[in-house]
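What follows is the residue order along each chain.
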Amino acid sequence: MAENVWILGIHMTRFGKYRDKDAVDLGAESALAAMADAGVTMQDIGVLSAGNLLGSVGFGQALQKQIGQTGIPVYNVGNACATGATALRVAVMAIKAGECDMGLAVGVEKLSGAGLLTGNARKEEGGPWVREGRFGEVAPLDGLIGTETMPGIFAQIGMEYAHRYGGADFELFARISEKNHAHSTLNPKAAYQKRMSLEEIMNDVMIAYPNTRAMCSANCDGAAAAVLVGEGKLRTLSQDQQRRAVKISASVLTSDPWRDGCQVLPDINTLTRQAAETAYEQAGIGPEDLDLVELHDCFASAELVHYDNLGLCEPGGAVEFFRSGAPWRGGRLPVNVSGGLQSKGHPISATGIANVWEVATHLRGEAGPRQIEGARVGLAHVIGLGSACGVHILEKAAV
Amino acid sequence: MDRVPLVDYLVLDDEPHLVAHECRGCGARYFDRRCACANCSGQEFRDVEVQRVGTLRTFTIVAFAAEGVKVPYVAGVIDCGGTAVRGNVVNVPPDPDQVRSGMKVRLTTVSVGVDPTGVEAVGFGFEPID
């Protein structure tokens, strides 16, 4: 049995707009802060895994050149919005495999002003029709055969759930967003900390019904990094390091198992359900044991289906779960107390580590005014369309 | 006028229809060029005609899209007798009060444009059945 892996140090930058810093600057800031938090230096680190989707190939090496070139292996990882979780998972695997006893995972994105993340812009018109691609298409298909935009895809996923189980309408989706924007007011690291009324959310610019702009994840810049350590090594460290360490009770990454229709509209449900089930089994705990959850609310319509996918409610019971007030910070199982991707922001590759930072900070009792009192167990979830799903279950140290 | 289909799985004959590649091993259906089956890894496929009428499984009304994409429009997934098809819902106002999941729709063709040689590209959509 491979040894347990713990978070020794972790950090996220404030999310927002950084005009004077590039991805390497932000990654270095977070990596150095995570190592300071852990009480270690690059000399202690045995593996580096790094994710930065929009930057250069070899981002990890560029980062090393700013924080310490020690000759350790670097894994540059990419898995859409699950890139950060993938970086974390690579470091976990290296430690579990016994290749090293300490690893550093970093995720960064510069996404301010990126606008709509879509399939394809229209090509120049004018030439004769030419067949291209796997469908033999003579023109880009986004807009002609359905939608390839992220807001449109996730809107359909939420609407499908709404149709299947009933009870969800435009207003309900907007109320989920209202919760997350309210939560963000307590998070000084959120890109947006503005409480929004239901009316403001529903009357904001419509992007893809039922998601208005306020119900979409916010493009911004940001980085997050974590230092991971094997349990054997952890026990040789100081009492204070051991007390603040957070146990990774489950670390799971899944991809999309084939389901009928999954190549027509991405099925974000099946792989999330499988990741959650595997994670609960690994950790030996159930959703009823969780004190808080950070889930991938890239759109309000996505948050609803993930209540169900992560087993936070009975199958088909996501609407009732939300209406009960459970996922509000004062509720039975607070979800996205950070403000979620809709207000905290979503610098893609940073997100899968930033969610873990949020949960870990509560478990350490260091979340300040937004602390969930007595939090002992939490879950962080991300999904990258295509798809990759990362679920991490974290537990407070017993010492 | 000469016509070409927008995609090679649209067949423009007297009764335009969609054709899927069906795995001979497990029956999974696909619209793109295949290497093997994503479900059973089988490598033998046959072309099958997809039912022209179906039920709207889910939809969105896209109001904001890439430059050049005409908005608003209704995008959705249609269940055509058990085969999931991606497509726009056409000949209906892009209004959430006018479109509902579960509505019956049928395949229709839509002109995409004419190139300088006078060839028209023809796509498809699904329209409500009254």
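Because the structure is predicted, anything quoted here is derived from the model rather than measured.

### A short note on the side chain of Thr254(A)
Residue and element names in this part refer to chain A. With respect to the helices and strands, Thr254 occurs in strand β8 (residues 246–255). At 2.9 Å, the side chain of Thr254 forms a polar contact with the backbone oxygen of Leu271. The residues touching Thr254, leaving out its near neighbours within four places in the chain, are Leu271, Gln274, Ala275, Ser387, Ala388 and Cys389.

### Re the packing of aromatic side chains
Under the criterion given, the structure shown has 10 aromatic pairs over all chains. Geometrically, the ring pair formed by Tyr161(A) and Tyr165(A) is tilted, given 4.7 Å between the ring centres and 55° between the ring planes. Of this pair, Tyr161(A) and Tyr165(A) both sit in helix α4 (residues 150–165), four residues apart, which is roughly one turn of that helix. Through successive ring pairs, a cluster of aromatic residues spans Phe135(A), Tyr9(B), Phe31(B), Phe124(B) and Phe126(B).

### Side note on unusual backbone geometry
With omega at 10°, the peptide bond leading from Tyr209(A) into Pro210(A) counts as cis. Within the secondary structure, Pro210(A) sits in the loop between β5 (206–209) and β6 (211–212). Note the cis peptide between Val71(B) and Pro72(B), where omega equals -5°. Locating Pro72(B) in the fold gives a position in the loop between β6 (53–62) and β7 (73–80).

### Let's talk about the environment of Lys21(A)
All names here are of chain A. Assignment of secondary structure puts Lys21 in the loop between β1 (5–12) and α1 (23–38). Judged by relative accessible area, Lys21 falls into the partly exposed class, the value being 32%. The spatial distance from the C-alpha of Lys21 to the C-alpha of Asp221 is 9.4 Å, given a sequence separation of 200 residues. Beyond its immediate stretch of four places on either side in the chain, Lys21 contacts Leu26, Glu29 and Lys110. A distance of 2.8 Å separates the side chain of Lys21 from the side chain of Glu29, its partner in a polar contact.

### Focus: the domain arrangement of chain A
For an interface, size is often stated in terms of accessible area lost upon the parts coming together. Residue and element names in this part refer to chain A. Domain assignment breaks chain A into domain 1 (5–113 + 220–247) and domain 2 (150–210 + 250–394). Averaged C-alpha coordinates put domain 1 and domain 2 at centres separated by 23 Å. Facing the 41 residues of domain 1 at the interface are 33 residues of domain 2. Interface area, domain 1 with domain 2, both sides summed: about 2900 Å², of which 70% is carbon and sulfur. Of all residues in domain 1, Met12, Phe15 and Cys81 bury the most surface against domain 2, accounting for 24% of the area lost on that side.

### Remarks on the side chain of Ser251(A)
Residue and element names in this part refer to chain A. Looking at the element boundaries, Ser251 is found in strand β8. Residue classification places Ser251 among the buried positions, given a relative accessible area of 5%. At a separation of 3.2 Å, a polar atom in the side chain of Ser251 contacts the side chain of Arg89. A distance of 2.8 Å separates a polar atom in the side chain of Ser251 from a polar atom in the side chain of His392. Those residues in contact with Ser251 that lie beyond four places of it in its chain are Arg89, Val92, Gln282, Val391 and His392.

### Observations concerning the sheet that holds strand β3 (residues 74–77) of chain A
All names here are of chain A. One open sheet holds the nine strands; their spatial order is β3-β2-β4-β7-β1-β8-β11-β10-β9, and the pairing between them is mixed. Edge positions in the sheet fall to β3 and β9 (292–294), since each has one partner strand and no second. Sheet twist, expressed as the mean angle between neighbouring strand axes with direction ignored, is 25°. Pairing geometry for strand β4 (residues 102–109) and strand β7 (residues 222–230), over eight bridges, is antiparallel. Across the sheet, residue Val106 finds its bridge partner in β7, namely Ala225.

### Examining a negative patch on the surface
A contiguous patch of negative charge, built from Asp13(B), Asp14(B), Glu15(B) and Glu49(B), is present on the exposed surface. Tracing the chain through its elements places Glu49(B) in strand β5 (residues 45–50).

### Description of the pairing of strand β10 (residues 377–384) of chain A
Look at any regular strand and the pattern is simple: side chains alternate between the two faces of the sheet. Residues and elements named next belong to chain A. Most of β10 sits out of view: eight of its eight residues are buried. Both faces of β10 are covered, namely the face carrying Val377, Leu379, His381 and Ile383 and the face carrying Gly378, Ala380, Val382 and Gly384. For β9 and β10, the ladder comprises three bridges, and the chain directions are parallel. Of the residues in β10, the one forming a bridge with Val293 is Leu379. Between the end of β10 and the start of strand β11 (residues 388–396), which pair antiparallel, lie three residues, with Gly386 showing a positive phi angle near 140°.

### Concerning the environment of Asn4(A)
All names here are of chain A. Positionally, Asn4 belongs in the segment before β1. Residue Asn4 is classed as partly exposed on the basis of its relative accessible area of 27%. Distance from Asn4 to Glu303, taken between C-alpha atoms, is 30 Å for residues 299 residues apart in sequence. Those residues within four positions of Asn4 in sequence are excluded, and the remaining contacts are Lys96, Val229, Gly230, Glu231 and Lys247.

### Let's talk about the environment of Ala36(A)
With respect to the helices, strands and loops of the structure, Ala36(A) is situated in helix α1. Judged by its relative accessible area of 59%, Ala36(A) falls in the exposed class.

### Observations regarding the packing of α1(A) against helix α2 (residues 59–67) of chain A
Residues and elements named next belong to chain A. Packing of α1 against α2 brings their axes to within 9 Å, and their N-to-C directions diverge by 60°. The orientation of α1 relative to α2 falls into the category oblique. α2 is crossed by α1, and the crossing has right-handed handedness. For the pair α1 and α2, the contacting residues are Ala23, Val24, Gly27, Ala28, Ala31, Leu32 and Met35 in the first and Phe59, Ala62, Leu63, Gln66 and Ile67 in the second. Split into classes, the residues belonging to the contact of α1 with α2 amount to 10 nonpolar, two polar and no charged.

### Considering the nonpolar core
Of all hydrophobic cores here, the largest spans 90 residues; its most connected members are Leu304(A), Tyr307(A), Leu312(A), Leu18(B) and Phe124(B). If one sorts the elements of this core by residue count, helix α9 (residues 268–283) of chain A sits on top with seven residues. Core analysis: the next-biggest nonpolar cluster, separate from the first, contains 36 residues, Ile7(A), Val77(A), Val92(A) and Val356(A) among them.

### What about the packing of helix α5 (residues 170–184) of chain A against helix α10 (residues 300–309) of chain A?
Residues and elements named next belong to chain A. Their axes nearest at 8 Å, the elements α5 and α10 cross at an angle of 90°. In terms of orientation, α5 and α10 fall into the roughly perpendicular class. Here Leu172, Phe173, Ile176, Ser177, Lys179 and Asn180 of α5 lie close against α10, whose contacting residues are Ala300, Ser301, Glu303, Leu304 and Tyr307. When its residues are assigned to classes, the contact of α5 with α10 shows six nonpolar, three polar and two charged.

Calculation notes
- Residues numbered from 1 in each chain as written.
- Chains lettered and ligands numbered in written order.
- Predicted model: local features only at pLDDT ≥ 70, side-chain atom pairs only at ≥ 80, totals over all residues.
- Heavy atoms only, no water.
- Helix = DSSP H or I, 4+ residues; strand = E, 2+ residues; numbered from the N terminus.
- Polar contact = N/O pair within 3.5 Å; in protein donor to acceptor, adjacent residues only side chain to side chain.
- Contact = heavy atoms within 4.5 Å.
- Phe/Tyr/Trp six-rings, centres within 6.5 Å; stacked < 30°, edge-to-face > 60°.
- Buried < 20%, exposed > 50% of the residue type's maximum accessible area, 1.4 Å probe, protein only.
- Domains from an automatic or database assignment.
- Buried area = accessible area lost by both parts, 1.4 Å probe.
- Pairing = 2+ DSSP bridges.
- Axes fitted to C-alpha atoms, helices over the stretch in contact; angles between N-to-C directions.
- Patch = residues over 30% accessible without salt bridge, like charges linked within 9 Å, V, L, I, M, F, W, Y side chains within 5 Å.
- Areas by Shrake-Rupley, 256 points an atom, 1.4 Å probe, with all protein chains shown as cover.
- Salt bridge = Lys/Arg side-chain N within 4 Å of Asp/Glu carboxyl O.
- Lys, Arg positive; Asp, Glu negative; His and termini not counted.
- Charge placed at Lys NZ, Arg CZ, Asp CG, Glu CD.
- Parallel < 35°, antiparallel > 145°, perpendicular 65-115°, else oblique.
- Left-handed = near helix turned anticlockwise from the far one by under 90°.
- Nonpolar A, V, L, I, M, F, W, Y, C, P; charged D, E, K, R; others polar.
- Core = buried A, V, L, I, M, F, W, Y, C linked by side-chain atoms within 4.5 Å.

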